[in-house]
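Chain and residue survey
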Amino acid sequence: MLIKVYILCFISLSEVIILSSIRLENIKKNYNNIEVIKDFNLDIEDKEFLVLVGPSGCGKSTTLRMIAGLEEATSGNIYIDNRLVNNVLPKDRDIAFVFQNYALYPHMNVYKNMSFALEIRKIPKEEIRKRVEEVASILDISSLLNRKPKELSGGQRQRVALGRAMVRNPSVFLLDEPLSNLDAKLRVQMRTEIIKLHKKLQTTFIYVTHDQVEAMTMGSRIVVMKDGEIMQASDSKTIYNKPNNIFVASFIGVPQMNFINTKLKKDDRFYFEFCDNKIYIDYNNIDNKYIDKEVIIGIRPENIFVSREKINDLSIEAYIDVVEMAGSESYIYLNINNIQIIVKTYSVEDFKIDDKVYISFDNSRVHIFDRDTEKNIMI
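Residues numbered from 1 in each chain as written. Predicted model: local features only at pLDDT ≥ 70, side-chain atom pairs only at ≥ 80, totals over all residues. Heavy atoms only, no water.

When helices and strands are counted, the chain shows 8 helices and 20 strands. Structurally, the chain occupies a C-alpha span of about 80 × 50 × 40 Å along its principal axes. Burial analysis of the chain (379 residues in total) assigns 48% to the buried set. The averaged location of the 52 negative side-chain charges in the chain is 7 Å from the averaged location of its 51 positive side-chain charges. (Helix = DSSP H or I, 4+ residues; strand = E, 2+ residues; numbered from the N terminus. Buried < 20%, exposed > 50% of the residue type's maximum accessible area, 1.4 Å probe, protein only. Lys, Arg positive; Asp, Glu negative; His and termini not counted. Charge placed at Lys NZ, Arg CZ, Asp CG, Glu CD.)

For the rest of this paragraph, the subject is the pattern of salt bridges. Counted by the stated rule, this structure contains 18 salt bridges. One salt bridge in this structure joins lysine 91 and aspartate 92, with 3.4 Å as the shortest N-O distance. For aspartate 267, the salt bridge goes to lysine 278, with nearest N and O atoms at 3.5 Å. Of this pair, aspartate 267 sits in the loop between β11 (258-266) and β12 (270-274) while lysine 278 sits in strand β13 (residues 277-280), placing them 11 residues apart in sequence. Here the residues in one salt-bridge network are Lys29, Arg65 and Glu71, joined through shared partners. (Salt bridge = Lys/Arg side-chain N within 4 Å of Asp/Glu carboxyl O.)

There is a patch of like negative charges on the surface, built from Glu35, Asp39, Asp227 and Glu229. Mapped onto the elements of the fold, glutamate 229 is located in strand β10 (residues 229-234). Residue classification places glutamate 229 among the partly exposed residues on the basis of a relative accessible area of 36%. (Patch = residues over 30% accessible without salt bridge, like charges linked within 9 Å, V, L, I, M, F, W, Y side chains within 5 Å. Areas by Shrake-Rupley, 256 points an atom, 1.4 Å probe, with all protein chains shown as cover.)

Time to look at the confidence of the model for the chain. In this model, the chain carries an average pLDDT of 90, and 95% of its residues clear a pLDDT of 70 or more. A low-confidence stretch, residues 1-18 (pLDDT under 50), is modelled with 22 contacts involving residues beyond four sequence positions or located in other chains. (pLDDT = per-residue confidence, 0-100. Contact = heavy atoms within 4.5 Å.)

To continue, consider the sheet that holds β13. Overall, antiparallel pairing links the 5 strands, which are arranged β13-β12-β11-β14-β20 in an open sheet. Every interior strand has two partners, whereas the edge strands, β13 and β20 (367-370), have only one. Neighbour-to-neighbour, the strand axes of this sheet turn through a mean angle of 45°, independent of strand direction. The sheet contact formed by β12 and β13 spans 4 bridges and is antiparallel. Within β13, the position partnered with phenylalanine 274 by the bridge is asparagine 277. (Pairing = 2+ DSSP bridges. Axes fitted to C-alpha atoms, helices over the stretch in contact; angles between N-to-C directions.)

Turning to the packing of aromatic side chains, a few remarks are in order. Any pair of aromatic rings gets described here by the distance separating the centres and the angle formed by the planes. All told, the structure shown has 10 aromatic pairs when counted by the stated rule. Between tyrosine 105 and phenylalanine 116 the ring centres are 5.3 Å apart and the planes differ by 70°, which places this aromatic pair in the edge-to-face class. Here tyrosine 105, found in the loop between β6 (95-98) and α2 (110-120), pairs with phenylalanine 116, found in helix α2; they are 11 residues apart in sequence, far enough to count as distant. The class for tyrosine 105 is partly exposed, based on a relative accessible area of 33%. An aromatic cluster of at least three residues, connected via ring pairs, comprises Phe49, Phe173, Phe205 and Tyr207. (Phe/Tyr/Trp six-rings, centres within 6.5 Å; stacked < 30°, edge-to-face > 60°.)

Bringing α2 into the picture now. Those residues of α2 lying buried are Val110, Asn113, Met114, Ser115 and Leu118. Contacts from the buried residues of α2 go to α3 (125-138) and α4 (154-166). Where α2 begins, the side chain of asparagine 109 points an oxygen toward the backbone nitrogen of tyrosine 111, at a separation of 3.3 Å. Within two residues after α2, lysine 122 carries a phi angle of roughly 65°, on the positive side. (Polar contact = N/O pair within 3.5 Å; in protein donor to acceptor, adjacent residues only side chain to side chain.)

So, on to the packing of α2 against α3. Packing of α2 against α3 brings their axes to within 10 Å, and their N-to-C directions diverge by 135°. The angle between the axes of α2 and α3 places the two elements in the oblique class. Pair α2 / α3 crosses with right-handed handedness. Contacts between α2 and α3 involve Tyr111, Met114, Ser115, Leu118 and Glu119 on the former and, on the latter, Ile128, Arg129, Arg131, Val132, Val135 and Ala136. Here the contact of α2 with α3 is built from residues that sort into 7 nonpolar, 1 polar and 3 charged. (Parallel < 35°, antiparallel > 145°, perpendicular 65-115°, else oblique. Left-handed = near helix turned anticlockwise from the far one by under 90°. Nonpolar A, V, L, I, M, F, W, Y, C, P; charged D, E, K, R; others polar.)

Structural data, given as structure tokens:
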């Protein structure tokens, strides 16, 4: 039998070692007989930065609220550090919840907003002051302690909301789309700050977002959700390069993956036909049952090459519909026999609408999906 011995040393907030894992076991959630979470199973490791990502309405915030105890699971069990918490009140679960709208008390200054929960718990005033000042220093908001929320910028309010959670020394941080109200530049800055905060606190973070860029850049593991179910749970590199299915492949990546309906064929190698061209695939481990079957081919925009000249006999002629400039890269929307293909290029060449160009594929980066199940047959 494996016995774990945990020693917690409370020297200062930045040195606290808090250990907490979470397990969701056969969780279901119904609203008015509509099942919004379907047999959800997930293990979240101690100190992990887990991101729940998916489109609006997929159940990610509901899942977070059930962990917090703000929603009750219709069935299934929730464990925090191996303790069943289904019937444990939110205040007794040792978690901190950071809301999308910050939920600051408008009539209280920053210090009172951060200290209020500790005062309710009858923590000694000197201990409260030490905790608030230490957290304020970590978040660089020490000069704001006497201000009220209306006097703060969006980024400052977000720091206060994080600080209010931190002073409690929780074992788990739950963050529900905390950056969605910030402008693009500030979102990037706050992403970095939250990542550094997780590293400093060394505790469990569960972060909800619909923004795949946030998910890919922040999470040590990402859970992609759709219609109350887990589509894939893995690190960002695996999810991007080896998506389980068409939904994950299309949801993760900007611009999204290109999909082509075709038949998989084989002579000496596997290939598919596209615009009267044979596109050979650099794989030999494809199940022969797919030969001469209709499949869906997926290829990411950066794995398609575009040029003005025909490189070889397999180059495919295309015409440019739209060019989008995105700083150092461009997104080129091509028309090939009324099929639209998107290419991401870093070329400095000045491509224009209606230009004739030629494309070719990176044959080692082609994904093949079963037409019926939409699953990736290459993994």
